[in-house]
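Here is how the chains run, residue by residue.
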Amino acid sequence: MNYSFKMLFSNLKKSFYFISVLLLFIEPALFAQYNFTKVDLALEQAQRTLGKNMVVLVYKDGEIIYKKESGKFTEQTQEPIASCSKWLTAALVMTFIDEGKLSLDDKVSSYLPSFKIAGKNTITIKQCMSQMTGIHQEPIKLMKLLTQKKYKTLEEEVNDFASKRTNDFENGTAFFYGNVGLNIAARVIEVIGKKDFSQLMKERILQPLEMNSTHFDKNNEAPNPSGGAVSSAKEYMNFLVMLVNNGQFKGKQILSEKAITTLKEPQTSLDKIKYAPKVAEGFNYALGCWIEDTDYRGNSTVLSCPGLFGTWPLVDYQNEYSCLFFVKSLLSEQKASTYLAIKKSIDSVLATKK
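First things first, this report covers the structure right here in the doc. Please read all numbers here as calculations on a predicted model, not as lab measurements.

### Remarks on the overall build of the chain
Now for step 1: Helices and strands together make up the secondary structure of the chain, namely 11 helices and 13 strands.
Now for step 2: Expressed as a percentage of the 354 residues in the chain, the buried residues total 50%.
Now for step 3: At a minimum sequence separation of 6, the contacts of the chain that also span at least 24 residues come to 66%.
Now for step 4: Here the chain displays about 17,600 Å² of accessible surface, and carbon together with sulfur accounts for 51% of that area.

Written out as structure tokens, the structure is:
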């Protein structure tokens, strides 16, 4: 080996050694992991309240940064998600608004002749999506849901809503949480899109978001846009990823940024809320979802859409992450406070990386 080659080899060894040492210091800074010990502990303490079967996912900066699976549940487990369905339906309606085929200020009666009657003819799409139609409905309870009248089609169900002679409130003046408003809006887009709701949902939301196992299908019954979806933690998180990324998912624009901004806008004030489930008392409502928190200007910063069976999805725009608690046990006031406490522990972990 001649002298010049020895020198070259020696210099290369020194360079590699220098780079290796440098990476020892740089790599922890670049790839440091979040310390979720505090969240693990909070979930362990909450297991008695939330149940043994649970999946928790947290997404931030383009990846899942936290995943917890327990009991028989994995991120692939499919279960009914109840009112978490409303957020999906609201997003579907917004695809028609993005295309200019529908406006939030359009009257339902412009599309559904059964609503061309006094007290119903001025109800707007926005009032449907913000649960302010004024149409009579009962508070959501499990036994009521199990025994409610079954409809063959969404058209049949919505025509029944229109046939109710009296309203509880003048439309636009009072919020009453239930399944009426989003189902009316879903029927309107069936008319505009000339396809049934389930097919429109599949084509415009589920397939583009790779939610291929999520569905609203029911044997010989009308789909329930307000509470009939079956999904998994992994697939529903794809939807939350789209929301937190201003309508984008894997480079595809599913909803416009304007549509996302519109979905977040507060539609109620607390004095207008005549009925809300215990778990959401104190929250205002946007379009198809609850507002958990706002900034000093009143802009929504945290949105959520909890379901009766315990699943609680949320998007935190202030801290730029989305989170999903996927369980199967009836949602209670105690569970709600537990979720909110766990969210605080997640926030504290993320704050350490800022």
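### Observations concerning the sheet that holds strand β9 (residues 284–285)
Strands pair in a sheet through their backbones, by hydrogen bonds, and they do so in one of two ways: parallel or antiparallel.
Now for step 1: What the seven strands build is an open sheet, ordered β2-β1-β13-β12-β11-β10-β9; its pairing is antiparallel. Each edge of the sheet is formed by a strand with only one pairing partner; in this case those strands are β2 (63–70) and β9.
Now for step 2: Examined bridge by bridge, strand β12 (residues 312–316) and strand β13 (residues 321–327) share five bridges and lie antiparallel to one another. Counted as the bridge partner of Val-315 is Ser-322 from β13.
Now for step 3: The sheet contacts of helix α9 (residues 233–244) involve β1 (54–60), β2, β12 and β13, and relative to β13 the element is tilted by about 155°.

### Some points on the side chain of Lys-335
Now for step 1: Structurally, Lys-335 is set in helix α11 (residues 333–351).
Now for step 2: In this structure the side chain of Lys-335 is engaged in a polar contact, spanning 3.2 Å, whose partner is the backbone oxygen of Thr-49.
Now for step 3: Once you skip the residues sitting within four places of it in the chain, Lys-335 turns out to touch Thr-49, Leu-50, Ser-329 and Leu-330.

### Remarks on the pattern of salt bridges
Now for step 1: For the coordinates displayed, the defined rule picks out 13 salt bridges.
Now for step 2: Across the salt bridge formed by Lys-67 and Glu-75, the nearest N and O atoms sit 3.8 Å from each other.
Now for step 3: Note on Glu-75: relative accessible area 17%, which makes it buried.
Now for step 4: Between Arg-187 and Glu-155 there is a salt bridge; the shortest N-O distance is 3.6 Å. Of the two residues, Arg-187 is situated in helix α7 (residues 180–193) and Glu-155 in helix α6 (residues 154–163); the sequence distance between them amounts to 32 residues.
Now for step 5: Exposure remark for Arg-187: the relative accessible area of 16% places this residue in the buried category.
Now for step 6: What emerges from the salt-bridge pattern is a single network uniting Glu-99, Lys-101 and Arg-204.

### Observations concerning the pairing of β13
Now for step 1: Burial analysis of β13 places seven of its seven residues in the buried class, the great majority of the element.
Now for step 2: Burial of β13 is two-sided: the residues Tyr-321, Cys-323, Phe-325 and Val-327 facing one way and the residues Ser-322, Leu-324 and Phe-326 facing the other way are all buried.
Now for step 3: Here β1 runs beside β13; their pairing, made up of seven bridges, is antiparallel. Paired with Val-56 across the bridge in β13 is Phe-325.

### Comments concerning empty space enclosed by the protein
Now for step 1: All chains considered together, the criterion is met by one cavity of 30 Å³ or more.
Now for step 2: Computed from the structure, the largest cavity encloses a volume of approximately 30 Å³.
Now for step 3: Around the largest cavity, the lining residues are Ser-198, Lys-202, Leu-206, Thr-214, His-215, Phe-216 and Asp-217.
Now for step 4: The class makeup of the residues in the lining of the largest cavity is two nonpolar, three polar and two charged.

### Some points on the environment of Ser-83
Now for step 1: Relative to the helices and strands, Ser-83 is located in the loop between β3 (78–80) and α3 (85–98).
Now for step 2: The exposure class of Ser-83 is buried, given its relative accessible area of 8%.
Now for step 3: Residues Ser-83 and Gly-310 lie 227 residues apart in sequence; the distance between their C-alpha atoms is 9.7 Å.
Now for step 4: Of the polar contacts made by the side chain of Ser-83, one reaches the side chain of Lys-86; its length is 2.9 Å.
Now for step 5: Side chain to side chain, Ser-83 and Tyr-177 meet in a polar contact 3.1 Å long.

### Let's talk about the side chain of Thr-133
Now for step 1: Within the fold, Thr-133 resides in the loop between α4 (125–129) and α5 (142–147).
Now for step 2: Residue classification places Thr-133 among the buried positions, given a relative accessible area of 2%.
Now for step 3: Among residues more than four places away in sequence, those in contact with Thr-133 are Ile-123, Gln-127, Cys-128, Phe-169, Asn-171, Val-180 and Gly-181.

### Structural notes on the nonpolar core
Now for step 1: Of all hydrophobic cores here, the largest spans 69 residues; its most connected members are Trp-87, Met-129, Ile-184, Phe-239 and Leu-243.
Now for step 2: In terms of residue count, the dominant contributor to this core is α9 (nine residues).
Now for step 3: Not counting chain neighbours up to four residues away, the residues in contact with Trp-87 comprise Tyr-236, Phe-239, Leu-240, Leu-243, Gly-288, Cys-289, Leu-303, Ser-304, Cys-305, Pro-313, Leu-314 and Val-315.

What counts, and where the lines are drawn
- Residues numbered from 1 in each chain as written.
- Predicted model: local features only at pLDDT ≥ 70, side-chain atom pairs only at ≥ 80, totals over all residues.
- Heavy atoms only, no water.
- Helix = DSSP H or I, 4+ residues; strand = E, 2+ residues; numbered from the N terminus.
- Buried < 20%, exposed > 50% of the residue type's maximum accessible area, 1.4 Å probe, protein only.
- Contact = heavy atoms within 4.5 Å.
- Areas by Shrake-Rupley, 256 points an atom, 1.4 Å probe, with all protein chains shown as cover.
- Pairing = 2+ DSSP bridges.
- Axes fitted to C-alpha atoms, helices over the stretch in contact; angles between N-to-C directions.
- Polar contact = N/O pair within 3.5 Å; in protein donor to acceptor, adjacent residues only side chain to side chain.
- Salt bridge = Lys/Arg side-chain N within 4 Å of Asp/Glu carboxyl O.
- 1 Å grid on protein atoms, 1.4 Å probe; cavity = no way out; pocket = protein on both sides within 12 Å on 5 of 7 lines; lining within 4 Å.
- Points joined across faces, edges and corners; volume = space filled by probe spheres on them.
- Nonpolar A, V, L, I, M, F, W, Y, C, P; charged D, E, K, R; others polar.
- Core = buried A, V, L, I, M, F, W, Y, C linked by side-chain atoms within 4.5 Å.

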